[in-house]
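# Commentary on secondary and tertiary structure
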Amino acid sequence: RAAMSAAGSSWIVESTIGGSVAVNDAAFINEQNGWVAGDGGTLYYTHNGGLNWGRYTTNSGDNLKHIHFFDPQNGYAVGGNTLLHTTDGGAHWHAVLSDSLPSKLQDMTETDANTLWAVASDGIYQSTDAGQSWGKVYAGAEFAQISAPTPTDIWIVGYPGIYHTADAGNSW
């Protein structure tokens, strides 16, 4: 642990788990259990609030950009040409294989058990069968992050701005 301060506030560096590997996103299920996604297909996990970290080895060499759990058991990690899914709280991760999986994935979200939304460097994609097939629903920008507070209200940021749909992607 190392202390640092910025603008009058103090932060504690809990771990340097990645070493020379960049870590890109974190998802905590609760105060004790969390996951971190990183470059080279790396996933790290803690079951004691970050005191200790383990490494989960995936078969992906892609840089994982985003990790998210939708409930304590179901989560996804995405990046590059990789979409990983867990149904057991992260004990096991499997690749979601699809011929239509977007490349250069940046982020994704789930609006129900089967409907997934993903952003890639070339568009917005939707799957209505839990990632088995994907269709591009919008192109023309470089997208970075997506958030869906409700199944119909979806927000996306990227270059050159902020995109929003209030009708589940029928119009942007």
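Our subject is the structure listed above.
Now for a quick tour of the structure. What you are looking at is a predicted structure, and each value in this text was computed from that prediction instead of being measured.

What follows is about the environment of Thr 58. Here Thr 58 shows up in the loop between strand 6 (54-57) and strand 7 (66-69). The class for Thr 58 is buried, based on a relative accessible area of 13%. Non-local contacts of Thr 58, meaning those with residues more than four positions away in its chain, are made with Gly 41, Leu 43 and Leu 84. There is a polar contact of 2.6 Å between the side chain of Thr 58 and the backbone oxygen of Gly 41. Of the polar contacts made by the side chain of Thr 58, one reaches the backbone nitrogen of Ser 60; its length is 3.2 Å.

Position of Thr 111 relative to the elements: it lies in the loop between strand 11 (105-110) and strand 12 (116-120). With a relative accessible area of 14%, Thr 111 lands in the buried category. Separated by 40 residues in sequence, Thr 111 and Pro 151 have C-alpha atoms that sit 4.8 Å apart. Ignoring any residue separated from it by four or fewer positions in sequence, one finds Thr 111 in contact with Trp 117, Ala 148, Thr 150 and Pro 151.

For sheets, the rule is that strands pair by backbone hydrogen bonds, running either parallel or antiparallel. What the four strands build is an open sheet, ordered 3-4-5-6; its pairing is antiparallel. Pairing within the sheet leaves two strands with one partner each, and these edge strands are strand 3 (23-28) and strand 6. The average undirected angle you get between the axes of adjacent strands in this sheet is 25 degrees. Where strand 3 meets strand 4 (residues 34-38), five bridges bridge the pair, whose relative direction is antiparallel. Across the sheet, Asp 25 pairs through a bridge with Ala 37, a residue of strand 4.

Topologically, Thr 86 is positioned in strand 9 (residues 82-86). In terms of polar contacts, Thr 86 uses its side chain to reach the side chain of Asp 88, at 2.9 Å. The residues touching Thr 86, leaving out its near neighbours within four places in the chain, are Phe 69, Gln 73, Asn 74, Gly 75, Ala 91, His 92 and Trp 93.

What follows is about the packing of aromatic side chains. Any two aromatic rings considered together are summarised by their centre-to-centre distance and by the angle between their planes. For the structure shown, the criterion picks out 11 aromatic pairs. Considering the side-chain rings of Trp 35 and Trp 93, the 5.4 Å spacing of their centres and the 70 degrees angle between planes classify their relative orientation as edge-to-face. Of the two residues, Trp 35 sits in strand 4 while Trp 93 sits in the loop between strand 9 and strand 10 (94-95), which places them 58 residues apart along the sequence. The exposure class of Trp 93 is buried, given its relative accessible area of 10%. Consider the rings of Tyr 138 and Phe 143, whose centres lie 6.1 Å apart with planes at 65 degrees: the pair is edge-to-face. Residue Tyr 138 is classed as partly exposed on the basis of its relative accessible area, which comes to 28%. What makes Phe 143 buried here is its relative accessible area of 2%.

Here is what the cut-offs are and how they apply
- Residues numbered from 1 in each chain as written.
- Predicted model: local features only at pLDDT ≥ 70, side-chain atom pairs only at ≥ 80, totals over all residues.
- Heavy atoms only, no water.
- Helix = DSSP H or I, 4+ residues; strand = E, 2+ residues; numbered from the N terminus.
- Buried < 20%, exposed > 50% of the residue type's maximum accessible area, 1.4 Å probe, protein only.
- Contact = heavy atoms within 4.5 Å.
- Polar contact = N/O pair within 3.5 Å; in protein donor to acceptor, adjacent residues only side chain to side chain.
- Pairing = 2+ DSSP bridges.
- Axes fitted to C-alpha atoms, helices over the stretch in contact; angles between N-to-C directions.
- Phe/Tyr/Trp six-rings, centres within 6.5 Å; stacked < 30°, edge-to-face > 60°.

Bear in mind that shape data such as this cannot, by itself, settle questions of function.
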